[in-house]
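Structural characterization, general
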Amino acid sequence: MEAEALIASFIVFLVVAVSVFIGLLVSRLRVKVLRADTYIVAGRTLGTLVFFLNSAAVIYSGYTFLGTAGYSYKYGAATMFVWGTSLLGYTVGYLIAPRVWSLAKKHNLLTLSDFIMWRYNSKVLMVLAAIISVVFQIPYVQLQIQAVSIIIDTTSYGSLPSLHLSVMVFGLVILYVFLGGMMSIALTNVFLGALMLVTMLGGSWAIILKYFGGLPGLYEAVSSVSPAHLTLPGPGGLRPEVWFVSSVIGTALGFWCWSQRVQTLFTAKDVRVIKKGMVLNSWYLLLGSLWVTHMGLVALALSTQLRGSDYAFITLVGEAFGPVVLGLVAAGGAAASLSTAAGLLLDQASTISRNLIQQVFKNKLGDRELVTLTRVAVVGLGIISTIMAYLSPALLVDLLLMGYAGVTQLLPGLFIGIFWKDLQKYEVLSGLLAGELTVLLMSAFRGQEPFGIHLILWGLAANLITILVTYAVRKTVRNYKESIKLINY
Amino acid sequence: MEESVGPRKYQVFVGLIIFVLWVAPLPLVNRYDIRVFGIPLLWFYYILLSIGTTLALTIMYLVER
């Protein structure tokens, strides 16, 4: 291996080692009493800084680091929808999350599916919500392993077996999640979240200033190479305005339907922490990921040779600043992937142990047994994700593309149900099935959504219409039964 | 003091305004030939709106304290 590759790779592995050390240390110090809420939601004790950086690290994944730059390289201005997704997501979160947190604390809810169970008292609905959450998260975890693989591949200049090493790194993450649960994840994420922010802000702006002297220079260069990248529908006319608008609305509404994000909400110690967390997360986007998005434009303007569009950011850093900075920024990218993978893994495992096993088959399972079961699930899911990372079937990519549309169908049951007291399990169940069926069917014709409106909104429309129709039918039947009773009386 | 868990009416209103601002003006600002401080209008608008949304959330929190 050449010296450059050695330096960059060493920095990435050093950051991984520090993260694992923190995770293991926390598991030794903090998780002495094996209570389920301690293991799964950190005992609802997190203060502002830890809550904020933990939620940021779980939310911003390898996709933020690699994917958004790649997206702007391919589609140009359409990539700005991810800013709207996050910022509108935090706006919705500011308004709704405190109530969700308050209910979760009052009723000792640990997962999103717990919330569904408590609100509708329906095991069928809870199991369905749990299956939707877990299934759509599987490709998300696998994606993180592949993102780390891309990072190792780039920093080692192709001289290391990147996928094998990525899986080994993932194995270390499984170890600290297994031992320390949410507390290990959260405190490790303080380090990873801070590193991500510094590398996103520093790396992006260093590149923009070095090559273009500022934003106007960058846009000027892009307009001379490909002006289509600066406006919608973008190159090839692939992302029209209606796609942008429906994507912003759909993904913002679905932002808090991801089970792992809801679980991070439950870790806050009070409502004030949640609200401050939303505000700070919006600053995180503004200072960090907003500028990473521009890296695709930079690669385009400089006609940088990329092995794939997702390589844009780290390839640029490597070419501009050499191995040390490349190692640091790549470590930030690895941090984004590992922190998200850890959060996903714990959420999936706790959903399986709590909602698919404890609440369905073994109601008398104690806290200690539940933690053990969750740990077994962490390992099991880790092994499944690893196998899938090697096999990498096309099915996973399809699942990921459907992921947002799929989980967003939980929206009425989750958030509308908080405010609409008369909403019952019949409406939510029928709406959820209609929404998921619409998403599945329309996914078969991806790219041909009617009127260019994003799949998510078609699913939600089917979902909400079914809810209203079911509600009307139930009301009519109830009124009819009451009138019969009165006549008989 | 116990913090309120439900959104206030003005907060919901501000939230709705922010949502509208993210989608409604798109046809008007979808131009790259018009530049503001050297930045194409579409990009300038959404960068400004990102700053505006962040400030709105920050102010909402500060006012509520």
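The rules we used
- Residues numbered from 1 in each chain as written.
- Chains lettered and ligands numbered in written order.
- Predicted model: local features only at pLDDT ≥ 70, side-chain atom pairs only at ≥ 80, totals over all residues.
- Helix = DSSP H or I, 4+ residues; strand = E, 2+ residues; numbered from the N terminus.
- Rg over C-alpha atoms; globule rule 2.2 N^0.38 Å.
- Buried ≥ 20, exposed ≤ 12 C-beta atoms within 10 Å, placed from the backbone.
- Contact = placed C-beta atoms within 7 Å.
- Nonpolar A, V, L, I, M, F, W, Y, C, P; charged D, E, K, R; others polar.
- Core = buried A, V, L, I, M, F, W, Y, C linked by C-beta atoms within 7 Å.
- Axes fitted to C-alpha atoms, helices over the stretch in contact; angles between N-to-C directions.
- Left-handed = near helix turned anticlockwise from the far one by under 90°.
- pLDDT = per-residue confidence, 0-100.
- Expected span 1.5 Å × (residues − 1).
- Bend = angle between axes of the 7 residues up to and from the residue.

Another point: the overall build of chain B. The helix and strand inventory of chain B stands at 3 helices and 2 strands. Across chain B, helices and strands are ordered from the amino to the carboxyl terminus as α-α-β-β-α. Against the globule reference of 11 Å for 65 residues, chain B gives a C-alpha radius of gyration of 15 Å, more extended than a compact globule. C-alpha atoms of chain B, sized along the principal axes, occupy 55 × 20 × 10 Å. Looking at the 65 residues of chain B, the share that counts as buried comes to 26%.

Helix and strand counts for chain A come out as 20 helices and 0 strands. Taking 23 Å as the expected radius of gyration for a compact globule of 489 residues, we find that chain A reaches 23 Å, a close match to that expectation. With respect to the three principal axes, the spread of C-alpha positions in chain A is 90 × 55 × 40 Å. Residues classed as buried in chain A amount to 60% of the 489 residues present. Across chain A, the fraction of contacts at a sequence separation of at least 24, relative to all contacts at a separation of at least 6, is 83%.

The next point concerns the interface of chain A and chain B. Taken together, the contacts link 38 residues of chain A with 31 residues of chain B. Looking at the side of chain A that touches chain B, the elements with two or more residues in it are helix H5 (81-106), helix H9 (215-225), helix H10 (241-254) and helix H12 (271-292) of chain A. Top contributing element to the side of chain A that touches chain B by residue count: H5 of chain A, with 11 residues. Among the residues making up the side of chain A that touches chain B, the classes are represented as 25 nonpolar, 6 polar and 7 charged.

Of all hydrophobic cores here, the largest spans 190 residues; its most connected members are Val 12, Val 177, Phe 313, Ala 334 and Leu 345 of chain A. A per-element tally of this core places helix H8 (residues 162-212) of chain A first, with 22 residues.

This brings us to unusual backbone geometry. Residues and elements named next belong to chain A. In the segment running from Leu 232 into Pro 233, the intervening peptide bond is cis, with an omega of 15°. Mapped onto the fold, Pro 233 is located in the loop between H9 and H10. Unlike most non-glycine residues, Asn 121 shows phi in positive territory, near 50°. If you trace the backbone, Asn 121 turns up in the loop between helix H6 (112-120) and helix H7 (123-155).

What follows covers the packing of helix H1 (residues 3-29) of chain A against helix H15 (residues 323-358) of chain A. Between two packed helices, the angle of one axis relative to the other and the distance separating the axes together describe the packing. Residues and elements named next belong to chain A. The contact between H1 and H15 brings their axes to 8 Å, and the two run at 35°. Between H1 and H15 lies a crossing of right-handed hand. Taken together, the residues of H15 that come into contact with H1 (itself represented by Glu 4, Ile 7, Ala 8, Phe 10, Ile 11, Val 12, Val 15, Val 16 and Ser 19) are Pro 323, Val 324, Leu 326, Gly 327, Leu 328, Ala 330, Ala 331, Ala 334, Ala 335 and Leu 338. When its residues are assigned to classes, the contact of H1 with H15 shows 16 nonpolar, 2 polar and 1 charged.

All names here are of chain B. Put simply, chain B has an average pLDDT of 93, and 94% of its residues get 70 or more. When mean pLDDT is taken per element in chain B, helix H3 (residues 41-64) scores highest with 97 and strand E1 (residues 35-36) scores lowest with 95. For this predicted complex, the interface score ipTM comes out at 0.96, while the overall pTM is 0.93.

Take the environment of Gly 431 of chain A next. Residues and elements named next belong to chain A. Among the secondary structure elements, Gly 431 is positioned in helix H19 (residues 425-443). Counting along the chain gives 39 residues from Gly 431 to Thr 470, while the straight-line C-alpha distance between them is 8.3 Å. In contact with Gly 431, not counting residues within four places along its chain, are Pro 412, Asn 463, Leu 464, Thr 466 and Ile 467.

As a further point, take the confidence of the model for chain A. Residues with a pLDDT of 70 or more make up 97% of chain A, whose mean pLDDT is 91. For chain A, helix H17 (residues 394-408) of chain A is the element with the lowest average pLDDT, namely 71, and helix H13 (residues 295-301) of chain A is the one with the highest, namely 97.

Residues and elements named next belong to chain A. Among the structural elements, Val 379 can be located in helix H16 (residues 367-391). A sequence separation of 278 residues divides Val 379 from Trp 101, and the C-alpha atoms of the two residues are 28 Å apart. Excluding residues within four positions of it along the chain, Val 379 makes contact with Ile 174 and Phe 178.

Quick look at H10 of chain A now. Residues and elements named next belong to chain A. In a regular helix each residue adds 1.5 Å, so 14 residues correspond to 20 Å; H10 covers 20 Å between its end C-alpha atoms and thus fits that length. The buried fraction of H10 is high, at 12 of 14 residues. The complete set of buried residues in H10 reads Trp 243, Phe 244, Val 245, Ser 246, Ser 247, Val 248, Ile 249, Gly 250, Thr 251, Ala 252, Leu 253 and Gly 254.

Our focus in this paragraph is the packing of H5 of chain A against H10 of chain A. Residue and element names in this part refer to chain A. Two elements in contact, H5 and H10, have axes separated by 8 Å at closest approach and are oriented at 35°. Viewed along their axes, H5 and H10 form a crossing whose handedness is right-handed. Residue-level inspection shows Phe 81, Gly 84, Thr 85, Leu 88, Gly 89 and Val 92 of H5 in contact with H10, the latter providing Phe 244, Ser 247, Val 248, Thr 251 and Ala 252. Residues that form the contact of H5 with H10 fall into these classes: 6 nonpolar, 5 polar and no charged.

This next bit is on H12 of chain A. All names here are of chain A. Between its first and last C-alpha, H12 extends 31 Å over 22 residues, near the 32 Å set by a 1.5 Å rise per residue. The largest bend in H12 comes to about 35°, at Leu 285. Burial analysis of H12 places 18 of its 22 residues in the buried class, which makes it a mostly covered element.

By secondary structure assignment, the location of Leu 290 of chain A is in helix H12. Leu 290 of chain A sits 181 residues away from Tyr 471 of chain A along the chain, and the two C-alpha atoms are 42 Å apart. Those residues within four positions of Leu 290 of chain A in sequence are excluded, and the remaining contacts are Trp 83 and Leu 285 of chain A together with Ser 50 of chain B.

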